[in-house]
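Residue strings, one per chain:
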Amino acid sequence: MSQGRSALDLLMEQSETTPIITFSQSLDTLLGGGVEAKKITEFVGVPGIGKTQLGIQLGIDVQIPRVFGGIQGHCLYADTEGSVMPARVAEIAQATVEYLNSISDTEDKAAAMEAFTIESVLSGIEYYRVHDHIEQIAFVMQLPKLIEEHNAANPQNPVGLVVIDSIAFHFRTSSDMAQRTRLLTAMANQLMAVAVKFNVAVVVTNQVTVRGNAGVVPALGETWSHNATVRVLLERATESNSRRARLIKSNSHEPGIAYYEIKPEGVR
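Each residue is numbered by its place in its chain's sequence as written, counting from 1. Per-residue local features of the predicted model are confined to residues with pLDDT of at least 70, and side-chain atom pairs are confined, for both listing and counting, to 80 or more; whole-chain, interface and lining totals are unaffected and use all residues. With hydrogens and water set aside, each side-chain value is computed from the structure's full complement of heavy atoms.

Moving on, we come to the pattern of salt bridges. Between Lys or Arg on one side and Asp or Glu on the other, a salt bridge is scored when a side-chain nitrogen of the former is within 4 Å of a carboxyl oxygen of the latter. According to the stated counting rule, one finds nine salt bridges in the structure shown. Residue Arg246 pairs with Glu235 through a salt bridge whose shortest N-O separation is 2.8 Å. Linking Arg246 in strand β9 (residues 243-249) with Glu235 in strand β8 (residues 230-236), this pair joins segments that are 11 residues apart in sequence. Only protein chains enter the calculation, and the probe is 1.4 Å; a residue is then buried if its accessible area is under 20% of its type maximum, exposed if over 50%, and partly exposed in between. Judged by its relative accessible area of 17%, Glu235 falls in the buried class. Residue Glu261 pairs with Lys263 through a salt bridge whose shortest N-O separation is 3.8 Å. The class for Glu261 is partly exposed, based on a relative accessible area of 40%. What you see here is one network of salt bridges that share partners, running through Glu235, Arg244 and Arg246. Each helix is a run of H or I in the DSSP string that is no shorter than four residues. Each strand is a run of E no shorter than two, and both are numbered from the N terminus.

Right, let's get into helix α9 (residues 177-198). With 22 residues, α9 extends 31 Å between its outermost C-alpha atoms, agreeing within 8% with the 32 Å of an ideal straight helix rising 1.5 Å per residue. Every buried residue belonging to α9 is among Arg180, Leu184, Met187, Ala188, Gln190, Leu191, Val194, Ala195 and Phe198, and all of these are buried. The buried residues of α9 occupy an angular sector of 165 degrees when projected down its axis, which confines them to one face. Facing away from the buried side of α9, by more than 90 degrees, are the exposed residues Arg182 and Lys197. Throughout, a residue-residue contact means that at least one pair of heavy atoms, one from each residue, lies within 4.5 Å. In this fold, the buried residues of α9 make contact with β1 (40-45), α7 (133-141), α8 (143-153), β4 (159-165), β5 (201-206) and α10 (221-225). For the purposes of these results, a polar contact is taken to be a pair of N or O atoms within 3.5 Å, where, inside protein, one atom must be able to donate a hydrogen and its partner to accept one; residues adjacent in sequence count only when each atom of the pair is a side-chain atom. A distance of 3.3 Å separates the backbone nitrogen of Ala178 from a side-chain oxygen at the start of α9, and that oxygen is part of Asp176. Looking at the residues trailing α9, positive phi occurs at Asn199, about 55 degrees. The span you would expect from a helix comes to 1.5 Å times its residue count less one. Each C-beta atom gives one direction from the helix axis, and the arc is the one those directions make.

Another aspect to go through is the sheet that holds β5. Strands sit in the order β3-β2-β4-β5-β1-β8-β9-β10 across an open sheet of eight strands; the sheet is mixed. What marks the edges here is a single partner per strand, and that holds for β3 (125-129) and β10 (256-260). Recorded for the sheet is a direction-independent mean angle of 20 degrees between the axes of neighbouring strands. By the convention used here, strands pair only if DSSP detects at least 2 bridges between them. Pairing of β9 with β10, which is carried by five bridges, proceeds in the antiparallel orientation. Within β10, the position partnered with Arg243 by the bridge is Tyr260. Each axis is a line fitted through C-alpha atoms, and for a helix only the stretch in contact is used; angles between axes span 0 to 180 degrees, taken between their N-to-C directions.

In a soluble, globular protein the nonpolar side chains are often hidden away together inside. Nonpolar core, defined: a set of buried Ala, Val, Leu, Ile, Met, Phe, Trp, Tyr and Cys residues in which side-chain atoms within 4.5 Å join the residues together. Counting 39 residues, the largest nonpolar core has Phe43 and Leu161 as the members making the most contacts within it. Examining the composition of this core, we find that five residues originate from one element, helix α4 (residues 86-102), more than from any other. Residues within four places of Phe43 in sequence aside, it is in contact with Leu31, Val35, Lys51, Leu54, Leu58, Val203, Val204, Thr205, Asn206, Val232 and Leu234. Listed in part, the 30 residues of the second largest apolar core include Ala78, Val130, Ile147 and Val162.

The topology assignment puts His150 in helix α8. Looking at His150, its side chain comes within polar contact range of the main-chain oxygen of Asn157, at 2.7 Å. Apart from residues no more than four positions distant in its own chain, His150 is found in contact with His74, Glu126, Asn157, Pro158 and Val159.

Right, let's get into unusual backbone geometry. Note that the residue after Asp165, namely Ser166, is joined by a cis bond; omega there is 0 degrees. With respect to the element layout, Ser166 can be found in the loop between β4 and α9. Positive phi, close to 75 degrees, is recorded for Phe23, a residue that is not glycine. Within the fold, Phe23 resides in the loop between α1 (7-15) and α2 (25-30). We classify Phe23 as buried; its relative accessible area is 16%. We note that Gln72 has phi near 60 degrees; this positive angle belongs to a residue other than glycine. By secondary structure assignment, the location of Gln72 is in the loop between α3 (51-61) and β2 (74-79).

Any link to function would need more than the numbers given here.
In structure tokens:
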């Protein structure tokens with residue numbers, strides 16, 4: 001059992017945490033400033049809605065220098081579907097570097113931009129191609145070792161974000177539902193422990209499925225739905241050509257709706 005702490009300590013700790021922005025002002029506002037550390041944030045949606053784009057954007061944004069209000073961290077990215085395209089990562093990285101250069105109005109910011117380049121940003125996303133559920137479990141269970149080794153070698157740029165895109169892909173066709181539940185619960189427990197111990201944000205993407213009269217719902221069932229701290233449903237906005245994010249679960253923010261776009265320069 002961990003040592004007891006006061007509610008005031010917890011409140012002060014949360015207020016001092018810097019969230020990872022998405023570059024969508026509407027989405028960041030919905031999330032209370034962005035994706036928060038010490039939490040599992042789940043983005044759920046149909047193919048093509050922007051889940052991987054969001055994961056890539058966050059993997060870049062976690063590296064924004066502290067002088068710009070960023071975390072200046074490192075990203076561990078597990079790709080279970082093979083959907084991450086290096087050229088697309090480079091395109092978003094270039095747009096981010098160009099934007100920060102355009103607002104470098106102080107000597108400190110200009111100095112920080114000397115190290116924040118397209119090459120450094122691409123190097124700051126540590127990519128793992130995960131081919132099956134065994135590799136996925138191994139990645140999650142090895143996270144403490146991976147983070148400790150990176151942080152020891154790079155104390156100025158510690159791991160600030162872990163992305164699993166997607167959590168569901170290798171488990172949707174499992175015939176042994178009891179085993180699937182046990183494995184998913186074990187992974188969720190490990191991800192939360194990692195988030196808290198190392199002060200990192202954990203982001204997972206999830207697919208959707210059709211369930212009877214309920215219609216389209218997040219994949220992996222009811223048990224999995226309790227594991228994420230924050231759950232966001234991404235969907236097409238019928239009233240416009242944009243996309244809509246609905247916050248359907250959070251322990252610190254009220255449910256709400258935000259609108260976002262996927263542009264050549266990334267999430268906006």
